[in-house]
Structure formats: C-alpha cells, structure tokens
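# Inside the fold
What follows is each chain in one-letter form.
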Amino acid sequence: MKKAMTLTYEVGENLYINVTNRCSCACTFCIRKNDDGAYGSDPLWLEHEPTIEEMQADLRKRDLRQYHELVFCGYGEPTMRLGFICALAAWLRAEYPGIRLRLNTNGLTDIYMAEETRTRDAAAQLSAVFDSFSVSLNGGDAAVYQRVTNPQGAPANAYETMLHFAAAVKANGREIAFTVVDVITPEEIAAAQQQADALGIPLHVRNYIA
Ligand code: SF4
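So, here is what we can say about the structure in this document. (Residues numbered from 1 in each chain as written. Predicted model: local features only at pLDDT ≥ 70, side-chain atom pairs only at ≥ 80, totals over all residues. Heavy atoms only, no water.)

## Comments concerning the overall build of the protein chain
Looking only at helices and strands, the protein chain features eight helices and nine strands. In terms of overall dimensions, the protein chain has C-alpha extents of about 45 × 35 × 30 Å along its principal axes. Of the contacts formed within the protein chain by residues at least 6 apart in sequence, a portion of 78% connects residues at least 24 apart. Within the protein chain, one finds 19 positive and 26 negative side-chain charges whose respective centroids are separated by 3 Å. (Helix = DSSP H or I, 4+ residues; strand = E, 2+ residues; numbered from the N terminus. Contact = heavy atoms within 4.5 Å. Lys, Arg positive; Asp, Glu negative; His and termini not counted. Charge placed at Lys NZ, Arg CZ, Asp CG, Glu CD.)

## Some details on the packing of aromatic side chains
If you walk through the whole model with that rule in mind, you get seven aromatic pairs. Taking the centre distance of 5.0 Å and the plane angle of 75° together, the rings of W45 and Y75 count as edge-to-face. Of the two residues, W45 sits in strand 4 (residues 45-46) while Y75 sits in the loop between strand 5 (70-72) and helix 2 (82-95), which places them 30 residues apart along the sequence. For W45, a relative accessible area of 13% corresponds to the buried category. Looking at Y75, the relative accessible area reads 1%, which means it is buried. (Phe/Tyr/Trp six-rings, centres within 6.5 Å; stacked < 30°, edge-to-face > 60°. Buried < 20%, exposed > 50% of the residue type's maximum accessible area, 1.4 Å probe, protein only.)

## Observations concerning the pattern of salt bridges
Here the structure, examined in full by the defined rule, presents eight salt bridges. R22 is the partner of E49 in a salt bridge, and the nearest nitrogen-oxygen pair spans 2.9 Å. Highlighted residues: E49 in the loop between strand 4 and helix 1 (52-60) and R22 in the loop between strand 3 (14-17) and strand 4, separated in sequence by 27 residues. Take E49: its relative accessible area is 30%, and that puts it in the partly exposed class. A residue is classified by how much of its surface remains accessible, and R22, at 40% relative accessible area, is partly exposed. Connected via shared salt-bridge partners are E69, R100, R102 and E175. (Salt bridge = Lys/Arg side-chain N within 4 Å of Asp/Glu carboxyl O.)

This is how it looks when you write it as structure tokens:
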C-alpha cells in the first residue's frame, strides 16, 4: 500500500477532496481493494488525516473556479470527519462565493456519528453547507444492501437510516442522486430503481472498476 498526502485530485471537470481513509462500510465493490488511487490519481492512502490548515494550503494552490464542482469523496467516507468537512465546506463558501460543493456519502452518518451530530440529523447539518449529494443506495432492499455494503456491526436499521438521510436531504431542497454499482443482478438493480423512484430521487448505475 503506497501512502502520500494526495488531498485533492482532478476527475473530469471536477476536483475531488480526500479527507480520510476511515469508513463505516466494507463495500464489495470498493475501489480501495484493487488500487492505491482512483482515475489515475496519485496514491490516496493518507500518511495522516489532513488538518484544516493543510487542506486549505492545498486548495489555495489551485484555481478552484475552473471546476464544475468540488466533490468530497476520496478514499474513505467523508462524514467520518463530520465536523471537519462542515468546517472546510463553510470556509470554501466564504472564500469562494458561488462555488459548488458535492458530498459523496454512504448516508449512514446518523448511525456512526450520532455522538457528534447529537440530534441524529446529519442531513440538516450537511444540507446547510453542501449543494448536492450522491448517496450509495446499493440495493432495493435491506438484505441486498447489507450483502453489498457490509456496514460495521451490521446494524439492522442501516438501509432505513440511509433512505431517511436521502429523503431528508431532498426535503431540504438540495440536489441528490442515488448510485448503485453493477455488482448486483439486473433484477436487484430494477428493485433499486423502484426504491429510488418511490423517493423521487434519480439513480445512477455505475460500472464496477476491477
Ligand atoms: S462507502 Fe465508499 S469508501 Fe467505504 S467501503 Fe464503500 S465504497 Fe469503499
């Protein structure tokens, strides 16, 4: 495993932001199993989690206005550092008015970061600073979700919590899309589509990257 301090990296017209390697899931399709980076990036395994000063210094080196969106994603679940990403997003908003910020998340913050959110309402906290969200749906029911996502401790309410998070973000007026990766069967993708349709949230089917 190669480590570096790759805090930001370009993917298409967007800039991705890598804040942590921690994650509350162990998805069967996770890109981290097969590589040290993503989409041609330098290694995304971090020597240490960046401080806010390190992240700001890295971001200041770039012309941020050239990107369509800044995407909090990286090689881990960004909400494992909930307070940190909210502070960084707020700083970006203040320094670069009009910038678009997206969060890619497993939507399980209310389970794993309950102590930090206190209210178990991560959607409200995150909707205040992010414009758009990509949430991993990963299946049309709890059984498929557990099989594919493997949330730590296998909490019985994981699927329901993720759906609640997505619905709350939508209710808060933020842009949101679900994703599934095509490691599940066509029938399971159809069930995921039904679930997404029921919430009025678009679904993107992503190809598995071996
Ligand atoms: S939530 Fe993302 S980082 Fe975490 S295991 Fe799944 S794909 Fe990997």
